[in-house]
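# Structural overview for review
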Amino acid sequence: MSSRRSEALAFSLVTGINHAMARLVDIWDSMGIMEEQRVERMETVKKHIEGLLNDMITEEEALKHRIRTNIITFEKQLDTLCLEMSMDPYKLEEGLTVLQIEKNLRLRMEVLTKEKGDRLKELHGLQQQDKELCLELCVTPYYVPTGSMPSRTQLQELREHLKTLSEEKKSRAKVFSGLREDIRKLMEDMGHKPETSLEKESVCHGEEIFLLTHENIKALQLLLSQMKVKKESLMNTLAELKERAMCLWNRLEALEQDRTAFQESVQGTLSDQITQWQGEVDCLTVLQKAMLEDVIDKVRQELVALWDKCNQGPEQREPFNAHICDDDFTEELLALHDAELLKVKNYYDQAKPLLEVLQKWEKYWALFQDFEKKANDPNRFSNRGGALLKEAKEKVKVQKMLPKLEEELRTGVESWEKDQGSAFLVQGQRVMTYISSQWEEHKQQRGKEKSERAITSKKGEMTTLFKTPTKRAHGGMNTLTPNKIRKQTPAQPIMVRSVSCSSSSTFISVPSSKPPLSQVQMQKTKSLERSNSSSRQRTPLQEYNGTEGKKPVDISYSDFTGDLFKKPNDAVFNSTAKDLF
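Numbering of residues begins from 1 in every chain and follows the order in which that chain's sequence is written. Note on the predicted model: pLDDT of at least 70 is required for a residue's local features to be given, and 80 or more for side-chain atom pairs to be given and counted; whole-chain, interface and lining totals, by contrast, use all residues. No hydrogens and no water enter the side-chain calculation; it runs on all heavy atoms of the structure.

For the rest of this paragraph, the subject is the overall build of the chain. Secondary structure elements follow DSSP: runs of H or I no shorter than four residues count as helices, runs of E no shorter than two count as strands, and numbering proceeds from the N terminus. Scanning the chain for helices and strands turns up 18 helices and four strands. The cut-offs for exposure are 20% and 50% of the maximum accessible area for each residue type, with area from a 1.4 Å probe on protein chains only; residues under the lower value are buried, those over the upper are exposed, and the others partly exposed. Taking all 581 residues of the chain together, the buried fraction comes to 28%. Any two residues whose heavy atoms approach within 4.5 Å at even a single point are treated as in contact. The long-range fraction of contacts in the chain, counting pairs at least 24 apart against all pairs at least 6 apart in sequence, stands at 70%.

Rendered as C-alpha cells:
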C-alpha cells in the first residue's frame, strides 16, 4: 500500500513537472520568445530542478550514512554496557530496516543508560549504609570493585548483606542493653560503685558509648560474670554471718523478739546488710567471751548431736575427746570446738544423701526385727479387723526394700569414697561390714531365742509328766467312757488314774506298739538340743563362709534370705523360715 502511494506521488510529480513545462511553453509562446531562448530557459529550468533533486539526494545520502554510523555506535555502546552491567548482548530481530534498527538500538541504549545511572545511584546509597553499619559493628564492608558497574546480583547481595547487618545490629543492641541492665542491677543490689572505665561506661545511660562489637560484648559478659561471682560471694558471706549470728543467739539464749527486731531492722544493699550483720556478730562475740563455759557446753552438746547424726563411732570421736573433757574454758578451746563443729557439719553436708539412705535402711531394719518378734507371738492370730493382712503387706514391702537399700548404699558408698578419697564409716565400721554385723547379731539372737524356747518347752513337758493332779470332789475310779473305750484300738495304750486317800496319783500305762506322747516329745526335745549344740559350735557368719579358717565376708538381706532356703533344717532358722516367706 505504501509503495503504491509513493509511485502515485512520483507519477504526480512527473505530471506536475510536465504541466509546469507546458505552462512555461505557453507563456513563452505568448511572449514570442524564440526557440534559442526557449532552449536556454529550459536548460535553466532543468539545471534548477536537477540541482534541487541532487541536493535532496545528497541530504538523504548523508542521512543514510549517519543512520548507519549511529547503528554501529549504538551497537558498540550496547555491547560495552551489557558487559559492564553483566547482561547478555542485545540481539536485533531479523528483517528490520535501517531506520528500525537504529530506532531499536537507540531506545535500548537509552534504557540501559538510565538503568546504569540508577544502579550507580543505588550502589552509592547502599555503600553509605554499609559503611555506617560496618563501622558500628566493626565488620568488613561488602566488596564492590571501585569504578566498576555493579550487576543486579551484586546489588541484591548487597541488599541482603545490609539486611543481615541491620538484624545483627538489633540483636547486638538487645544483648548490650540486657547486659548493661543486668550489670547496673547487680551493682545496685550489692551497693557497688563503678571503679574501672568499663564499669562506668556500662552503667551510663548513653546508647552510643559502646561500639556493638563482639569484643565489647565479651567484655561486658566477663564483667557481668565477675559481678555475679562477687554477688554470690557477698551472699555467702551474708549467709555465714546470719548462721553465725543464729548460732550465737542460740548459745546466748537471746530473746525471740530481740532477734526479730534486729532482722526487721536490717535493710539496704548487700554491703549494708553485711555491715549490719557483722556488727551484730561482733557484739554477740563480745557477750560470748563473758559466758565461755555455758557456750562451750552448748557447742559440745551440738557436736555430740551432730556426731550421732553422722553415725560416728567412738574411734572417730576419740581424737577430740581430750578437748571434750577439758575444763579450762578459754577462747582457744571454743575455737577448737567451733572448728570441729564446722568440720563435722561439712562432712554431714557431703554425706547427707548416704546418711539418709542409711537412716531409711535402719527404719526398715527395725520394722523387719519387729515383724520377726511378732511372728513368734501366738496372740497375733486373735487380732481381728484385717491386721494380719496389713501386716503381711508391710512385711513384703520390708523384704523388698532391705536388699534394694543395701545395694543403693553399696554403690553410693563406692562412688562417694572414690570422689572423697576416704572411707565412709558407720560406727567406726565400713558400711557393708556394719550391715553384716547387724545381720550376724540378728542370727545369733534368733538362735539364742530358739534355744531358750526349746529349753522352756522341755521343762514344760517334764512338769506335765510329773505333775500331781488336784483332788476331785467325789472319790471313785475315773475311767474312760464306754464310747471312748470302743474307739481305741488294742495297739493304743489305756491310761488309768486312781485316787488314794493321800491325794497322790500314779499313772499306769498298758504296753502298746507305740510310745507314749510324752516320750515322743522328750525325744524331739533331745534332738532339738543336739541340733542347737551343733549350731552353737559354729557361728552364723562361718555358715556363710563355709569354714572357720576363711576371712568373714559381708552378708546382706539377700544372703540371709537365700540361706533360709538353702538350710531349712538348720536350728538357727527353722522357726522363722515359714514366717519370713
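Now for a positive patch on the surface. The grouping of Lys360, Lys363, Lys397 and Lys404 at the surface amounts to a positive patch. At the level of elements, helix H11 (331-375) and helix H12 (387-420) are the ones that each hand at least two residues to the positive patch. Relative to the helices and strands, lysine 363 resides in helix H11. Residue classification places lysine 363 among the exposed positions, given a relative accessible area of 52%. Patches here: salt-bridge-free residues with over 30% relative accessible area, like charges joined within 9 Å, nonpolar side chains (Val, Leu, Ile, Met, Phe, Trp, Tyr) joined within 5 Å. Surface accessibility follows the Shrake-Rupley procedure with a 1.4 Å probe radius. Residue values consider only the protein chains on display as shielding. Throughout this description, the term salt bridge denotes a Lys or Arg side-chain nitrogen within 4 Å of a carboxyl oxygen of Asp or Glu. Charge counting treats Lys and Arg as positive and Asp and Glu as negative, with His and both chain ends excluded. The atoms used to mark charge sites are NZ of Lys, CZ of Arg, CG of Asp and CD of Glu.

Working definition: a ring pair exists when centres of Phe, Tyr or Trp rings (six-membered ring for Trp) sit within 6.5 Å. Plane angles under 30 degrees give stacked, over 60 give edge-to-face, the rest tilted. For the structure shown, the criterion picks out 11 aromatic pairs. With a centroid separation of 6.4 Å and 80 degrees between ring planes, the pair formed by tryptophan 307 and phenylalanine 320 is classed as edge-to-face. On the criterion of sequence distance, the pair formed by tryptophan 307 in helix H9 (residues 292-309) and phenylalanine 320 in helix H10 (residues 314-324) is long-range, its members being 13 residues apart. Judged by its relative accessible area of 2%, tryptophan 307 falls in the buried class. Ring centres of tryptophan 365 and phenylalanine 368 lie 5.6 Å apart, and the angle between their planes is 20 degrees; on these two criteria the pair is classed as stacked. Within this pair, tryptophan 365 and its partner phenylalanine 368 are both found in helix H11, separated by three residues, close to a single helical turn. For the pair formed by tryptophan 365 and phenylalanine 368, the shared burial category is buried.

Attention now moves to unusual backbone geometry. One non-glycine residue, glutamate 253, adopts positive backbone phi at about 55 degrees. Within the element layout of this structure, glutamate 253 appears in the loop between helix H6 (214-252) and helix H7 (256-265). Relative accessible area serves as the criterion here: at 58%, glutamate 253 is assigned to the exposed category. Here asparagine 311, not a glycine, exhibits a phi torsion of approximately 55 degrees, which is positive. Its location among the elements puts asparagine 311 in the loop between H9 and H10. For asparagine 311, a relative accessible area of 12% corresponds to the buried category.

Moving on: a nonpolar patch on the surface. Among the surface-exposed residues, Leu53, Met56 and Ile57 lie close enough to one another that they form a single nonpolar patch of about 290 Å² accessible area. By the secondary structure assignment, methionine 56 is in helix H2 (residues 35-84).

What follows concerns a negative patch on the surface. A surface patch of negative charge is lined by Glu293, Asp294, Asp327, Asp328 and Glu332. Here glutamate 332 shows up in helix H11.

What follows deals with H9. For H9, built from 18 residues, the straight-helix expectation of 26 Å at 1.5 Å per residue is met to within 8% by its first-to-last C-alpha distance of 25 Å. Residues of H9 that are buried include every one of Leu292, Val295, Ile296, Val299, Arg300, Leu303, Leu306 and Trp307, and no others. Looking straight down H9, one finds its buried side chains confined to an arc of 140 degrees; they lie on one side. Buried-residue contacts for H9 involve H6, helix H8 (270-289), H10 and H11. Remark: asparagine 311 follows H9 within two positions and exhibits a positive phi of approximately 55 degrees. To estimate how far a helix should extend, the number of its residues minus one is multiplied by 1.5 Å. This arc is built from the directions going out from the helix axis to the C-beta atoms.

Glancing now at the packing of H6 against H9. Convention adopted: a line fitted to C-alpha atoms gives each axis, helices being fitted over their contacting stretch, and angles between N-to-C directions are expressed from 0 to 180 degrees. Viewed as axis vectors pointing N to C, H6 and H9 meet at an angle of 115 degrees, and their least axial separation amounts to 9 Å. Judged by the angle between their axes, H6 and H9 are roughly perpendicular. Here the hand of the crossing between H6 and H9 comes out right-handed. Contacts between H6 and H9 pair Cys247, Asn250, Arg251 and Leu252 from the former with Val295, Lys298, Val299 and Glu302 from the latter. Roughly parallel means an angle under 35 degrees; roughly antiparallel means over 145; roughly perpendicular covers 65 to 115; every other angle is labelled oblique. Each crossing gets its hand from how the near helix is turned against the far one by less than a right angle, where anticlockwise is left-handed and clockwise is right-handed.

Glancing now at the nonpolar core. Note on terminology: a nonpolar core comprises buried Ala, Val, Leu, Ile, Met, Phe, Trp, Tyr and Cys residues joined through side-chain atoms within 4.5 Å. Trp277, Trp361, Leu402, Phe424, Val431 and Ile435 are the most contacted members of the largest nonpolar core, which has 75 residues in total. If you list the elements that add at least two residues to this core, you get helix H3 (98-137), helix H4 (152-190), H6, H8, H9, H11, H12 and helix H13 (431-465). At 16 residues, the largest contribution of residues to this core is made by H11. Among residues more than four places away in sequence, those in contact with phenylalanine 424 are Tyr347, Ala351, Leu354, Leu355, Val413, Trp416, Glu417, Gln429, Arg430 and Val431. Judged by nonpolar contacts, the second largest core, of 13 residues, contains Cys82, Leu105, Leu112 and Met149.

Applying the stated rule across the entire model yields 21 salt bridges. Among the salt bridges present, the one from lysine 116 reaches glutamate 84, with a minimum N-O distance of 3.4 Å. Placement of the pair is lysine 116 in helix H3 and glutamate 84 in helix H2, with a sequence separation of 32 residues. Classification of glutamate 84 as partly exposed rests on a relative accessible area of 34%. Here arginine 430 makes a salt bridge to glutamate 417, at a shortest N to O gap of 2.9 Å. Here the residue arginine 430 occupies a position in strand S2 (residues 429-430), and glutamate 417 occupies one in helix H12, the gap between them amounting to 13 residues. Through salt bridges with shared partners, one network takes in Glu115, Arg119 and Arg152.

Let us look at the confidence of the model for the chain. For the chain, per-residue confidence averages 75 on the pLDDT scale, and 75% of positions sit at 70 or higher. On a range of 0 to 100, pLDDT expresses the predictor's confidence in each residue. Ranking the elements of the chain by mean pLDDT puts strand S4 (residues 505-509) last, at 34, and H2 first, at 89. Per-residue pLDDT stays below 50 along residues 471-553; that stretch engages in 89 contacts with residues further than four places along the chain or on separate chains. Taken together, the stretch residues 564-581 has pLDDT below 50 and engages in 43 contacts with residues farther than four places along the chain or on a different chain.

What follows concerns the side chain of glutamate 102. Its place among the elements puts glutamate 102 in helix H3. In contact with glutamate 102, other than residues within four places in its own chain, are Ile67, Asn70, Ile71 and Phe74.

With that settled, the discussion passes to the environment of threonine 237. Looking at where threonine 237 falls in the secondary structure, it is placed in helix H6. Exposure remark for threonine 237: the relative accessible area of 30% places this residue in the partly exposed category. Separated by 33 residues in sequence, threonine 237 and leucine 270 have C-alpha atoms that sit 9.7 Å apart.

A separate point is the packing of H4 against H6. Geometrically, a packed helix pair is captured by the angle between its two axes and the distance between the axes. Remark: H4 packs on H6, axes separated minimally by 10 Å, with the N-to-C direction vectors making an angle of 25 degrees. Classified by the angle between their axes, H4 and H6 sit roughly parallel to one another. Here the hand of the crossing between H4 and H6 comes out left-handed. Between H4 and H6, the residues in contact are Glu168, Arg172, Val175, Phe176, Leu179, Arg180, Asp182, Ile183, Leu186, Met187, Asp189 and Met190 and His214, Asn216, Ile217, Leu220, Gln221, Leu223, Leu224, Met227, Lys228, Lys230, Lys231 and Leu234, respectively. Tallied by class, residues from the contact of H4 with H6 come to 13 nonpolar, three polar and eight charged. Polarity classes work like this: nonpolar for Ala, Val, Leu, Ile, Met, Phe, Trp, Tyr, Cys and Pro, charged for Asp, Glu, Lys and Arg, and polar for all others, with Gly in that last group.

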